[in-house]
Amino acid sequence: MRLSGSITALATPFTASGEIDFDAWQRLLDQQLEGGTQGIVVAGSTGEAAALFDAEYDALLRSAVERVAGAIPVLAGTGLSNTAKTIELTRRVAALGADAALVVTPPYVRPTQAGLVAHYRAIAGDDALPLVLYNVPGRTGGDLLPETVAELAPHANIIGIKEARSEPERMAALLAFKGEGFAVLSGDDPTACRAMLAGADGVISVASNVLPRAFRRLADLARGGRHDEAQALDARMLAAYDFLGVEPNPIPVKALLQRQGIGHGLRLPLLPLSPTHAASTATIDALVRELEHACRDSLAA
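Nothing here was measured: the structure is a model prediction, and the numbers come from that model.

Draft legend 1. Spotlight on the environment of Pro248. Structurally, Pro248 can be placed in the loop between helix 11 (238-244) and helix 12 (251-259). Look at Pro248 and you get exposed, because its relative accessible area is 53%.

Draft legend 2. Focus on the packing of helix 2 (residues 54-68) against helix 3 (residues 83-95). Relative orientation of the contacting elements helix 2 and helix 3 amounts to 40°, with a least axis distance of 10 Å. Taken together, the axis directions place helix 2 and helix 3 in an arrangement best described as oblique. Here helix 2 runs over helix 3; the crossing is right-handed. In contact with Asp54, Tyr57, Asp58 and Leu61 of helix 2, helix 3 contributes Leu89, Arg92 and Val93.

Draft legend 3. Structural detail: the sheet that holds strand 4 (residues 100-104). Read around the closed barrel, the eight strands follow the order 1-2-3-4-5-6-7-8; overall the barrel is parallel. Neighbour to neighbour, the strand axes of the sheet diverge by 25° on average, direction disregarded. As paired elements, strand 3 (residues 74-77) and strand 4 share three bridges and run parallel to each other. The partner of Ala76 across the bridge, within strand 4, is Ala101. Relative to the sheet, helix 8 (residues 189-198) contacts strand 7 (183-186) and strand 8 (202-205), its axis offset from that of strand 8 by approximately 170°.

Draft legend 4. Focus on the packing of aromatic side chains. Summed over all chains, the structure comprises one aromatic pair. On the numbers, 6.2 Å between centres and 70° between planes, the contact of Phe215 with Tyr241 is edge-to-face. Here Tyr241 lies in helix 11 and Phe215 lies in helix 9 (residues 212-223), a separation of 26 residues in the sequence. Taken as a pair, Phe215 and Tyr241 share a single burial class, namely buried. The cationic tip of Arg92 hangs over the ring face of Tyr57; the distance from NZ or CZ to the ring centre is 5.4 Å.

Draft legend 5. Geometry of unusual backbone geometry. A cis amide bond, omega 10°, links Asn249 with the succeeding residue Pro250. Residues other than glycine seldom take positive phi values, yet Glu48 does so here, at roughly 55°. Mapped onto the elements, Glu48 comes out in the loop between strand 2 (40-42) and helix 2. Judged by relative accessible area, which is 5%, Glu48 ranks as buried. One non-glycine residue, Tyr108, lies in positive phi territory at about 75°. Within the secondary structure, Tyr108 sits in the loop between strand 4 and helix 4 (113-125).

Draft legend 6. Looking closely at the state of the cysteines. A full pass over the atoms with the stated rule returns zero disulfides. Cys295 supplies the cysteine sulfur nearest to Cys193, a cysteine that is in no disulfide, at a spacing of 12 Å. Since its relative accessible area comes to 2%, Cys193 is described here as buried. Judged by relative accessible area, Cys295 falls into the buried class, the value being 5%.

Draft legend 7. The arrangement of helix 9 in detail. The end-to-end C-alpha distance of helix 9, which contains twelve residues, comes to 16 Å, matching closely the 16 Å that a straight helix rising 1.5 Å per residue would cover. Among the twelve residues in helix 9, nine count as buried, and that is most of the element. Every buried residue of helix 9 is listed here: Pro212, Arg213, Ala214, Phe215, Arg217, Leu218, Ala219, Leu221 and Ala222. Note on helix 9: the residue one or two positions beyond its end, Gly225, has a positive phi of about 75°.

Each value, and the rule that gives it
Residues numbered from 1 in each chain as written. Predicted model: local features only at pLDDT ≥ 70, side-chain atom pairs only at ≥ 80, totals over all residues. Heavy atoms only, no water. Helix = DSSP H or I, 4+ residues; strand = E, 2+ residues; numbered from the N terminus. Buried < 20%, exposed > 50% of the residue type's maximum accessible area, 1.4 Å probe, protein only. Axes fitted to C-alpha atoms, helices over the stretch in contact; angles between N-to-C directions. Parallel < 35°, antiparallel > 145°, perpendicular 65-115°, else oblique. Left-handed = near helix turned anticlockwise from the far one by under 90°. Contact = heavy atoms within 4.5 Å. Pairing = 2+ DSSP bridges. Phe/Tyr/Trp six-rings, centres within 6.5 Å; stacked < 30°, edge-to-face > 60°. Lys NZ or Arg CZ within 6 Å of the ring centre and 35° of its normal. Disulfide = S-S within 2.5 Å. Expected span 1.5 Å × (residues − 1).

Given below as structure tokens:
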């Protein structure tokens, strides 16, 4: 399996009483498919995986696999702080029909680089699913270094990396490992255009929850080497990127989804967007709708 283009790290919509809103979930999935999204991640950090009970996790993934019906890859977030538990969860999502596992570096425990190599090789060696490495030091407390990725990339079951560090030097170092069997994906929306113009295969995006058409268009332009057009579209999305960073993910994106009638909040300890930023939501919502409308015709063409 080759991952590329615009892939969405889906938020998990809840009802006003805090249960999973499966009707809203289906609408979100349909919106992604209609918008041209080229892959989805279920129950990643954007999906509040840590707040989901096992039965909820399974039901979300099962319904996504059924709804997508093989049209695009379905990735499931399985990275935990313990290797054996990560293997167990990866086996579980394989049985539920996931196409690949997105495996973040073990949160909180901060293993050495040698420990990370052993961790990922053990999971990949179990042969349950193809793995995508995920590096997001701001959330996990550890950094998967390029020289460590170099050791892991040749493994047949490790098919790519989602890199959330924004420095161009980090992306340049990882692009050296890009190949037929290993995709390099940006995990940072504000620098995803730059990464794809430099040669990254695509992006796993938060913003594409509400901007699926715009992100598909951005990926097509950037991966097609159309620098000026890609950078112009990226510049139009700058205010949205800024808004999505005003509070920890997925708080801002869920505020925008709520305006679209998809979900009603988050689970503790996450709270809804604070009043300080709430006034900006209507402005960004209008921008999102404008961008999606503008990109509709270009995708149809």
